[in-house]
Amino acid sequence: QRRGGGAAPRPQDLKPMLAAAFITFANHLLESAPWARDKLSAHAGKTALFDVFPARLAFAVAADGRLQPAPPEALPAVTIRLTHLTLLEVLADGE
């Protein structure tokens, strides 16, 4: 048990939490970028897989260009793979 009395989250429980956090963060950024939502809306219904080892997060594009959780059976139309270094560079540069 962890300090505070609760059990540590199991690895299989972290994936939905990470995916939800990623989708919430991405949609927050998309709120101020209508041009990006317009471009994404052309891909409505498609699923993407964001792969940064060890996390693999799947999401789908909604009709309004926002992201939503991918259906469990969905196959990704694209896989976006980033190394840890590339991810840090993107976050640092804001691109």
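Quantities reported herein were computed from a predicted structural model and do not represent experimental measurements.

> Whenever I open this one, the layout of surface pockets confuses me. Can you help?
Over the atoms, a rolling probe the size of a water molecule traces out where space has been left empty. The calculated volume of the largest pocket comes to roughly 890 Å³. Lining the largest pocket are 27 residues, with Phe22, Ala26, Leu29, Phe50 and Leu67 positioned closest to its centre. Mapped onto the lining of the largest pocket, the elements with two or more residues apiece are helix 1 (11-31), helix 2 (34-41), strand 1 (47-52), strand 2 (55-61), strand 4 (78-81) and helix 3 (84-93). Per-element tally for the lining of the largest pocket: the top contributor is helix 1, with five residues.

> Is there a simple way to think about the sheet that holds strand 1 in this case?
Where strands meet in a sheet, backbone hydrogen bonds hold them as pairs that are either parallel or antiparallel. Read from one edge to the other, the open sheet built from four strands follows the order 3-2-1-4, with strand pairing classed as mixed. If you trace the sheet from one side to the other, it starts and ends with strand 3 (67-69) and strand 4, each paired once. Looking at each pair of strands side by side, their axes are set apart by 35° on average, direction ignored.

> Got a minute to help me understand the pairing of strand 1 in this structure?
For a regular strand, side chains alternate in direction, first toward one face of the sheet and then toward the other. Burial within strand 1 is extensive, with six of its six residues counted as buried. As paired elements, strand 1 and strand 2 share six bridges and run antiparallel to each other. Each residue of the ladder has a partner; that of Thr47, found in strand 2, is Ala60. Where strand 1 folds back onto strand 2 in an antiparallel hairpin, the turn is made up of two residues. In the sheet, strand 1 pairs with strand 4 via four bridges, with the strands oriented parallel. Within strand 4, the position partnered with Asp51 by the bridge is Arg81.

> Sorry, what's going on with the packing of aromatic side chains here?
Each aromatic ring pair is characterised by the separation of its centres together with the angle its planes make. One pass over the full model with this rule turns up two aromatic pairs. Relative to Phe50, the ring of Phe22 has its centre 5.1 Å away and its plane inclined at 20°; by these criteria the two rings are stacked. With Phe22 in helix 1 and Phe50 in strand 1, this residue pair connects regions lying 28 residues apart in the sequence. Residue Phe22 is classed as partly exposed on the basis of its relative accessible area of 22%. With a relative accessible area of 16%, Phe50 lands in the buried category. For the ring pair Phe22 and Phe59, a centre distance of 5.5 Å and an interplane angle of 45° mean the geometry is tilted. Here Phe22 is found in helix 1, whereas its partner Phe59 is found in strand 2, with 37 residues between them in sequence. Aromatic rings pair up to connect Phe22, Phe50 and Phe59 into one cluster.

What counts as what
Residues numbered from 1 in each chain as written. Predicted model: local features only at pLDDT ≥ 70, side-chain atom pairs only at ≥ 80, totals over all residues. Heavy atoms only, no water. 1 Å grid on protein atoms, 1.4 Å probe; cavity = no way out; pocket = protein on both sides within 12 Å on 5 of 7 lines; lining within 4 Å. Points joined across faces, edges and corners; volume = space filled by probe spheres on them. Helix = DSSP H or I, 4+ residues; strand = E, 2+ residues; numbered from the N terminus. Pairing = 2+ DSSP bridges. Axes fitted to C-alpha atoms, helices over the stretch in contact; angles between N-to-C directions. Buried < 20%, exposed > 50% of the residue type's maximum accessible area, 1.4 Å probe, protein only. Phe/Tyr/Trp six-rings, centres within 6.5 Å; stacked < 30°, edge-to-face > 60°.

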